[in-house]
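Architecture at a glance
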Amino acid sequence: LSGASGLNSMVPGDEQVAGQVRSAYEGAHAAGAAGSALGALVHHAARASRAVRSLAGWDGGGHSVAARAVDLVSRVHGPLSTKRVTVVGAGQMGRAVIERLRHFGLADLTVLTRTPRAGRSWDAVERPVSGLPAAVAASDIVFTCTSAPAALITLESVRPALSARAGEPLCL
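The residue numbering used here restarts from 1 in each chain and proceeds along that chain's sequence as written. Since the coordinates come from a predicted model, pLDDT governs what is reported: local features require at least 70, and pairs of side-chain atoms require 80 or more to be given and counted, while whole-chain, interface and lining totals use all residues. Neither water nor hydrogens contribute to the side-chain values; these are computed over all heavy atoms in the structure.

1. As for the nonpolar core
We count it as follows: Note on terminology: a nonpolar core comprises buried Ala, Val, Leu, Ile, Met, Phe, Trp, Tyr and Cys residues joined through side-chain atoms within 4.5 Å. The rule is simple: take the accessible area with a 1.4 Å probe, protein chains only, and divide by the maximum for that residue type; under 20% is buried, over 50% is exposed, in between is partly exposed. Every helix listed is a DSSP run of H or I at least four residues long, and every strand listed is a run of E at least two residues long, numbered separately from the N terminus. Throughout, a residue-residue contact means that at least one pair of heavy atoms, one from each residue, lies within 4.5 Å.
Membership of the largest hydrophobic core comes to 18 residues, with the highest contact counts inside it found for Val 85, Val 87, Val 97, Leu 101, Leu 109, Ile 141 and Phe 143. Elements supplying a minimum of two residues to this core: helix 3 (65-77), strand 1 (84-88), helix 4 (92-103), strand 2 (108-113) and strand 4 (141-144). Counting residues per element, this core draws most heavily on helix 4, which supplies four residues. In this structure, Ile 141 is in contact with Val 73, Leu 80, Lys 83, Arg 84, Val 85, Thr 86 and Cys 171, ignoring residues within four places of it in sequence. Val 88, Leu 112, Leu 132 and Val 142 belong to the second-largest nonpolar core, a separate cluster that totals nine residues.

Dropping the structure here:
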């Protein structure tokens, strides 16, 4: 129950954990691999998670790795509304970062994805991930939110962008 409540997470009370537990159960149920005992356990875990979040005062949002990362960058680099930000990845974590960035009134956002699609609801310039070097050079802050097996951003790939910035800081 402590795991399902996010108590064992990198960010205590991580709100994404309950969703992951629910998704795993739904997948097992759809595959016919979840019996009534597992269903009761997942229901109990969901109730425990809500109780923990309520008792700890974590039910106001902002308790996820994505939210904490954006909050930290905001504290270190000042108002995000004036920054040029790139988010690499449009999966669950990337969407969570984008949502939190919007909380800070961000206006200049680029999203790099493997499969760019028109009409997504995040009001950003969307480009293929192959545009990473140019996006890094044009950004003040870059969040990488992918499950890539290797680093997408390396010192060698960033070096040209750093020399073109004329001393302007770059947060990766």
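2. Points about the environment of Ser 49
As for its position among the elements, Ser 49 is in helix 2 (residues 36-56). Judged by its relative accessible area of 5%, Ser 49 falls in the buried class. Spatially, the C-alpha atoms of Ser 49 and Ser 5 are 4.1 Å apart, while their sequence positions differ by 44 residues. Once you skip the residues sitting within four places of it in the chain, Ser 49 turns out to touch Ala 4, Ser 5 and Ala 18.

3. Comments concerning the packing of helix 3 against helix 4
For any two helices packed against each other, one specifies the inter-axial angle together with the distance between the axes. Operational definition: As a rule, the C-alpha atoms of each element are fitted with a line to give its axis, helices using only the stretch in contact, and angles between N-to-C directions run from 0 to 180 degrees. Working definition: roughly parallel below 35 degrees, roughly antiparallel above 145 degrees, roughly perpendicular at 65 to 115 degrees, and oblique for all remaining angles. Crossing handedness is defined as follows: a turn of the near helix away from the far one that is anticlockwise and smaller than a right angle gives a left-handed crossing, while the clockwise case is right-handed.
Packing of helix 3 against helix 4 brings their axes to within 8 Å, and their N-to-C directions diverge by 45 degrees. On the basis of their axis angle, the class for helix 3 and helix 4 is oblique. Relative to helix 4, helix 3 is oriented so that their crossing is right-handed. Listed contacts from helix 4 to Ala 66, Ala 67, Val 70 and Asp 71 of helix 3 are Met 93, Ala 96, Val 97, Arg 100 and Leu 101.

4. Notes on the sheet that holds strand 4
Strand pairs in the sheet, formed through backbone hydrogen bonds, run parallel or antiparallel to each other. What counts here: Strand pairing is assigned whenever DSSP identifies at least 2 bridges connecting the two strands.
Judged by pairing direction, the sheet is parallel, and its four strands sit side by side in the order 3-2-1-4 without closing on themselves. Edge positions in the open sheet fall to strand 3 (125-128) and strand 4, since each of these has one partner strand only. Direction aside, the axes of adjacent strands within the sheet are offset by 20 degrees on average. Bridge analysis of strand 1 against strand 2 gives five bridges, and the strand direction is parallel. Each residue of the ladder has a partner; that of Thr 86, found in strand 2, is Thr 110.

5. Let's talk about the pattern of salt bridges
Side chains that differ in charge, positive against negative, can pair when their charged atoms come close. Rules: Any carboxyl oxygen of Asp or Glu that lies within 4 Å of a side-chain nitrogen of Lys or Arg is treated as forming a salt bridge with it.
In total, this model carries four salt bridges according to the counting rule given. Of the charged contacts in the structure, one is a salt bridge between Asp 71 and Arg 100, with a shortest N-O distance of 3.0 Å. Taken together, the residues span a long stretch of sequence, with Asp 71 in helix 3 and Arg 100 in helix 4 at a distance of 29 residues. Given the relative accessible area of 18%, Arg 100 is considered buried. A salt bridge links Arg 84 to Glu 168, with the nearest nitrogen and oxygen atoms 3.3 Å apart. Taken as a pair, Arg 84 in strand 1 and Glu 168 in the segment after helix 6 (155-164) lie far apart in primary sequence, 84 residues in all.

6. Observations regarding the pairing of strand 1
We apply this condition: For crossovers, right-handed means that the path from the first strand over the helix to the second runs clockwise, given strands pointing away from the viewer.
Within strand 1, four of the five residues are buried, leaving the element largely enclosed by the surrounding structure. Handedness of the crossover joining strand 1 and strand 2 through helix 4 is recorded here as right-handed.

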